[in-house]
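# Residue-level structure breakdown
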Amino acid sequence: MPEQFAPQSVLVTGGAGFIGSNFIHSFISRNPGCRVVNLDILTYAGNLENLKGVEENPDYRFVRGDIGDAGLVSRLLAEFRIDAVVHFAAESHVDRSITGPEIFVRTNVLGTQVLLEESRRHWQAGVVPAFRFLQVSTDEVYGSLGDTGFFTEETPLAANSPYSASKAGADLLVRAYYETFGMPTLNTRCSNNYGPYHFPEKLIPLMISNIIGRRPLPVYGDGLNVRDWLHVKDHSIAIETVLKGGKPGQVFNIGGNNEWKNIDIVNLVCDLLDGKLGRQPGENRKLITFVKDRPGHDRRYAIDASKMRRELGWEPSYTFEKGIAETIDWYLANQEWVEHVTSGGYREYYEKQYGER
Ligand SMILES: NC(=O)c1ccc[n+]([C@@H]2O[C@H](COP(=O)([O-])OP(=O)(O)OC[C@H]3O[C@@H](n4cnc5c(N)ncnc54)[C@H](O)[C@@H]3O)[C@@H](O)[C@H]2O)c1
């Protein structure tokens, strides 16, 4: 195994979102004594209820703010002697990038540039003995695959949606900061995540929540688009593994070896919930409604994650069957969380905990 970097004080951006909050839960429990500063502006996707259970931890600090605010970022890096930035903050929903791409460029490209630039100044000032900047990205930067083949770290970038284009732009800036300044950057690219705290606009939580409420289950096009699914807990550990052991300047693909057609996932979730909700077999499938396809809908994504196994010894631990059953149980047990997200009530939690917005 390569020499391990041991972070003492980590700035997590976007830690109130789906993957960021799962990462914080996982990282704090596995790294006691390491400070975690969560910088999140709390867009519609940021939900502090995701962080119940870590808020009282003395290692944890929440700061509401914008990654594009250079003064704030610079102050946090210095004040907390940050030696690692784990960058999740983004606009992340492809459909929203089609109707309003501007904010995707502002947050994902320009915001990342500000973080990189302030990190460079901080790293070059030499106040911490070692430093890492880890950019969390997506396999969508590689574009779409045919029926066969996998994305490797060498696959050329060929983003097709405004979302993936903005992530690809950020990834190239991250690369440029390594190549130009020698800043120790890392770049992970991950397949679709699922698990707890997933905002119910995304496929799996949307299906679960609509089935519970007996609402129609919208499936794009013919439902035959293929995605490679990774449990968010496996992703969290993969990111920690890259942060500590990844060679700076490199890209690491993270995937679950779990290719599923969208329609097969929807059928599986329907059938599992028939059982769990005491409904007739096949009852939930009647809710499936095929809707007009998303423009530029990539047909297939599949990740070759062998570099993660070969170089860092990481492998996913969840099978999809186990992960999806656990995820459904989580949503059933956390209906209050779902209700708060759907009604917008989760926004009040910030005011209760931290005062007026
Ligand atoms: N969800 C997936 O399946 C997936 C897969 C691969 C990669 N990714 C990447 O992982 C990262 C996290 O994804 P997610 O699904 O958790 O996203 P999310 O939308 O759930 O969370 C994004 C978080 O970023 C915060 N944020 C947005 N703009 C900000 C700004 N200007 N300043 C500070 N905070 C800001 C939001 O408030 C929110 O808490 C993203 O970079 C995404 O591109 C996601």
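This text follows the structure it describes.
These notes cover the structure that comes with them. (Residues numbered from 1 in each chain as written. Predicted model: local features only at pLDDT ≥ 70, side-chain atom pairs only at ≥ 80, totals over all residues. Heavy atoms only, no water.)

## Some points on the overall build of the protein chain
Per the secondary structure count, the protein chain includes twelve helices and twelve strands. Structurally, the protein chain occupies a C-alpha span of about 65 × 50 × 40 Å along its principal axes. Expressed as a percentage of its 357 residues, the buried residues of the protein chain come to 56%. If you take every contact in the protein chain between residues at least 6 apart in sequence, the share linking residues at least 24 apart comes to 82%. (Helix = DSSP H or I, 4+ residues; strand = E, 2+ residues; numbered from the N terminus. Buried < 20%, exposed > 50% of the residue type's maximum accessible area, 1.4 Å probe, protein only. Contact = heavy atoms within 4.5 Å.)

## Structural notes on the site of the ligand
The environment of the ligand is made up of 28 residues, and the closest members are Ile19, Asp40, Ser92, Tyr163 and Lys167. Tyr163 places a polar side-chain atom, nitrogen or oxygen, 2.6 Å from an oxygen atom of the ligand. Compared with its free state, where it exposes 830 Å², the ligand has 95% of that area covered by protein. Per element, the largest residue contribution to the shell around the ligand is three residues, and it comes from strand E5 (residues 132-138). Grouping the amino acids of the shell around the ligand by side-chain chemistry returns 13 nonpolar, twelve polar and three charged. (Near = heavy atom within 4 Å. Polar contact = N/O pair within 3.5 Å; in protein donor to acceptor, adjacent residues only side chain to side chain. Areas by Shrake-Rupley, 256 points an atom, 1.4 Å probe, with all protein chains shown as cover. Nonpolar A, V, L, I, M, F, W, Y, C, P; charged D, E, K, R; others polar.)

## Notes on the packing of aromatic side chains
The description of two aromatic rings rests on the distance between their centres and on the angle between their planes. All chains considered together, the criterion is met by 15 aromatic pairs. For the ring pair Tyr194 and Trp229, a centre distance of 6.3 Å and an interplane angle of 70° mean the geometry is edge-to-face. Of this pair, Tyr194 sits in strand E7 (residues 192-194) while Trp229 sits in strand E9 (residues 226-231); the two residues are 35 residues apart in sequence, bridging distant segments of the chain. Note on Tyr331 and Trp337: the rings are 6.1 Å apart at their centroids and 75° apart in plane angle, and the pair reads as edge-to-face. Like Tyr331, the residue Trp337 is buried in the burial classification. Here the aromatic residues Tyr194, Trp229, Trp260 and Phe320 are joined through ring pairs into a cluster of three or more. Its end group placed over the ring of Phe181, Arg120 keeps NZ or CZ at 4.7 Å from the ring centre. (Phe/Tyr/Trp six-rings, centres within 6.5 Å; stacked < 30°, edge-to-face > 60°. Lys NZ or Arg CZ within 6 Å of the ring centre and 35° of its normal.)

## Side note on empty space enclosed by the protein
This structure, assessed with the given rule, holds one cavity of 30 Å³ or more. Around the largest cavity, the lining residues are Val94, Ile98, Glu140, Ser161, Arg227, Arg294, Pro295, Gly296, His297, Asp298 and Tyr301. Class assignment of the residues belonging to the lining of the largest cavity gives a composition of four nonpolar, three polar and four charged. (1 Å grid on protein atoms, 1.4 Å probe; cavity = no way out; pocket = protein on both sides within 12 Å on 5 of 7 lines; lining within 4 Å. Points joined across faces, edges and corners; volume = space filled by probe spheres on them.)

## Digging into the nonpolar core
Ranked by size, the top nonpolar core spans 35 residues in total, and within it Ile24, Leu48, Tyr60, Val86, Leu134 and Met308 carry the most contacts. Core analysis: the next-biggest nonpolar cluster, separate from the first, contains 32 residues, Leu217, Trp260, Ile288 and Trp337 among them. (Core = buried A, V, L, I, M, F, W, Y, C linked by side-chain atoms within 4.5 Å.)

## What to know about the packing of helix H4 (residues 102-125) against helix H5 (residues 162-181)
For the pair H4 and H5, interaxial distance at closest approach is 8 Å and the crossing angle is 15°. Our classification of the angle between H4 and H5 gives roughly parallel. As for how H4 packs across H5, the hand of that crossing is right-handed. Residues Phe104, Val105, Asn108, Val109, Thr112, Gln113, Leu116, Glu117, Arg120, Trp123 and Gln124 of H4 lie in contact with H5, whose contacting residues are Tyr163, Ser166, Lys167, Ala170, Leu173, Val174, Tyr177 and Phe181. Of the residues contributing to the contact of H4 with H5, the split by class is eleven nonpolar, five polar and three charged. (Axes fitted to C-alpha atoms, helices over the stretch in contact; angles between N-to-C directions. Parallel < 35°, antiparallel > 145°, perpendicular 65-115°, else oblique. Left-handed = near helix turned anticlockwise from the far one by under 90°.)

## Focus: helix H6 (residues 203-212)
For H6, a buried count of seven out of ten residues is recorded, marking the element as mostly surrounded by other parts of the structure. Buried within H6 we find Ile204, Pro205, Met207, Ile208, Ser209, Asn210 and Ile211. Looking at the residues trailing H6, positive phi occurs at Arg214, about 55°.

## Section: the pairing of E9
The element E9 is extensively covered by neighbouring structure, given that six of its six residues are classed as buried. Judged by which residues are buried, E9 turns out to be covered on both faces: Val226, Asp228 and Leu230 on one side and Arg227, Trp229 and His231 on the other are all buried. Pairing between E7 and E9: three bridges, direction parallel. Its bridge partner being in E9, Asn193 is matched across the sheet by Leu230. Inspection of the sheet shows E9 paired to strand E11 (residues 259-261) by three bridges, in the antiparallel sense. Paired with Val226 across the two strands is Lys261, which belongs to E11. (Pairing = 2+ DSSP bridges.)

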